[in-house]
Amino acid sequence: MPTVTMTVNGKQVSGEVEPRTLLVEFLREGLGLTGTHVGCDTSQCGCCVVHVDGRSVKACTMLAVQAEGAEVTTIEGLAADGSLHPLQQAFHENHGLQCGFCTPGMIMSSLELLQRNPDPSEAEVREWLEGNLCRCTGYHNIVKSVLAAAAAMRGAARAAE
Amino acid sequence: MYNFTYHRPRTLAEVAQLLSANEDAKLLAGGQTFIPTLKQRLAQPSDLVDLSGIAELKGIREEGGGLTIGATTTHAEVAGSELVRRLLPALADLAESIGDPQVRNLGTLGGSISNNDPAADYPAGLVGLGATVRTSKREIGAEDFFTGMFETALEEDEIVTAVHFPKPEKAAYAKFPNPASRYAIVGVFVARTGGGVRVAVTGAAPCVFRATELENALAADFSPAALDGVSVPADGLNEDIHASAEYRAHLVKVMAKRAVAAAG
């Protein structure tokens, strides 16, 4: 079996995988990082979104071997020094989750949006989250959370200047 | 998913070698259609040849006043490119309308056109702009490239390397997306070029086609109103749970009018 090596949440990891192993299977079953969820397993729901080399991808629609040498960030890699990432904090404060199953994907997808566009409109947030489904239909508070996180991150960026 | 042997070659020569040595090998580009296909066990390749490590297949550059886009360039890269925005904004808009952000981050131009899904967006862009597909063996005009449902002129061991798009005078793409998948129920790419008006339709039929009645009307008068008196026949159009053939025929005209209006 091939050996795959990548950096996950800042730490170099490697493991033997069958070529057909999905990236999400490697993360969950190989590394025990079960924060990344498998919802539909058909590239539609976005529960499995992680970042690979800075781009959000559906980890159920990528092979682990395709991530050879890549920098991977999962939901477990967001909180720094014991404090929640502004997106996590905003979902907490704005009741951006009901059952919570879609939350890791919602946050990892929104993270790329806010990296590209620090001040999105509500319509832009809704459009961006096209590939993320919430089975509780809690979209209003999810969008509210992303907008609150964007404002918090802009405030933090200004304070740092 | 059935198991397979995985390869990530660095050159096109290695790809050719792998394909000729393994009869049941398949190419992997962005994988956004192919990996779901493998998961459903609808394909059983012996070998997967991943094209992502081949530098010469990537990138966007200006060429002869138009654009040349490498086969493994992603939809997100096309949508986000300053060069595409400046020279061919209609193509950037088309790329931006594909799937969702995560699909656009991995899905590629070459993968999309080689698969030739009847509801994919890029085939309309290529035929509408009169693009040329460059392969490892030859150049193929877009209309000759797309030969039928999920079928192209590509031979077994032939690889798309790039697509060249000439710059039109004006162009736009309008699509009526399936609300769940964002695939086109009907998508219409309209371009006015030095050689005339081109109207390419995707989603409506088993394969992308040029709507010649609409082209003739627009050649005389490039305005949405010019299409008022033209009717699009429903014969041979797709019919499924999403839309009847008659509804698709209606949408072809509506989307064409929207595209003409957007092209300005």
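Residues numbered from 1 in each chain as written. Chains lettered and ligands numbered in written order. Predicted model: local features only at pLDDT ≥ 70, side-chain atom pairs only at ≥ 80, totals over all residues. Heavy atoms only, no water.

(A) Structural detail: the pairing of strand β12 (residues 184-193) of chain B. Residue and element names in this part refer to chain B. With nine of 10 residues buried, β12 is to be regarded as a mostly interior element. With eight bridges joining them, strand β11 (residues 170-177) and β12 adopt antiparallel strand pairing. Across the sheet, the residue bridging to Ala 174 is Val 188, located in β12. Count of turn residues in the β11/β12 antiparallel hairpin: six residues, of which Arg 182 carries a positive phi of about 65°. (Buried < 20%, exposed > 50% of the residue type's maximum accessible area, 1.4 Å probe, protein only. Helix = DSSP H or I, 4+ residues; strand = E, 2+ residues; numbered from the N terminus. Pairing = 2+ DSSP bridges.)

(B) Geometry of the environment of Glu77(B). Residue and element names in this part refer to chain B. Looking at the secondary structure, you find Glu 77 in helix α3 (residues 75-80). By relative accessible area, which is 41% here, Glu 77 ends up partly exposed. Residue contacts for Glu 77: discarding those within four places in its chain leaves Ile 60 and Thr 72. (Contact = heavy atoms within 4.5 Å.)

(C) The sheet that holds strand β1 (residues 5-7) of chain B, seen in detail. Residues and elements named next belong to chain B. Taken in spatial order, the three strands line up as β1-β3-β2 in an open sheet, and their pairing is parallel. Looking at the sheet topology across the chains shown, the edges are occupied by β1 and β2 (25-28). With strand direction ignored, the average angle separating the axes of adjacent strands in the sheet is 25°. Contacts between helix α1 (residues 12-21) and the sheet are confined to β1, β2 and β3 (47-50), with β2 contributing the most and set at about 145° to the helix. (Axes fitted to C-alpha atoms, helices over the stretch in contact; angles between N-to-C directions.)

(D) Quick look at the packing of aromatic side chains. Residues and elements named next belong to chain B. Per the counting criterion, the structure on display carries three aromatic pairs over all chains. Geometrically, the ring pair formed by Phe 145 and Phe 146 is edge-to-face, given 5.0 Å between the ring centres and 90° between the ring planes. In this pair, the class of Phe 145 matches that of Phe 146, namely buried. Between Phe 176 and Tyr 247, the aromatic rings sit 6.3 Å apart at their centres with planes inclined by 85°, giving edge-to-face as the arrangement. Of this pair, Phe 176 sits in strand β11 while Tyr 247 is found in helix α11 (residues 245-263), placing the two residues 71 residues apart along the sequence. Residue Phe 176 is classed as partly exposed on the basis of its relative accessible area, which comes to 28%. Lying across the ring of Phe 222, Arg 192 places its NZ or CZ 5.5 Å from the centre. (Phe/Tyr/Trp six-rings, centres within 6.5 Å; stacked < 30°, edge-to-face > 60°. Lys NZ or Arg CZ within 6 Å of the ring centre and 35° of its normal.)

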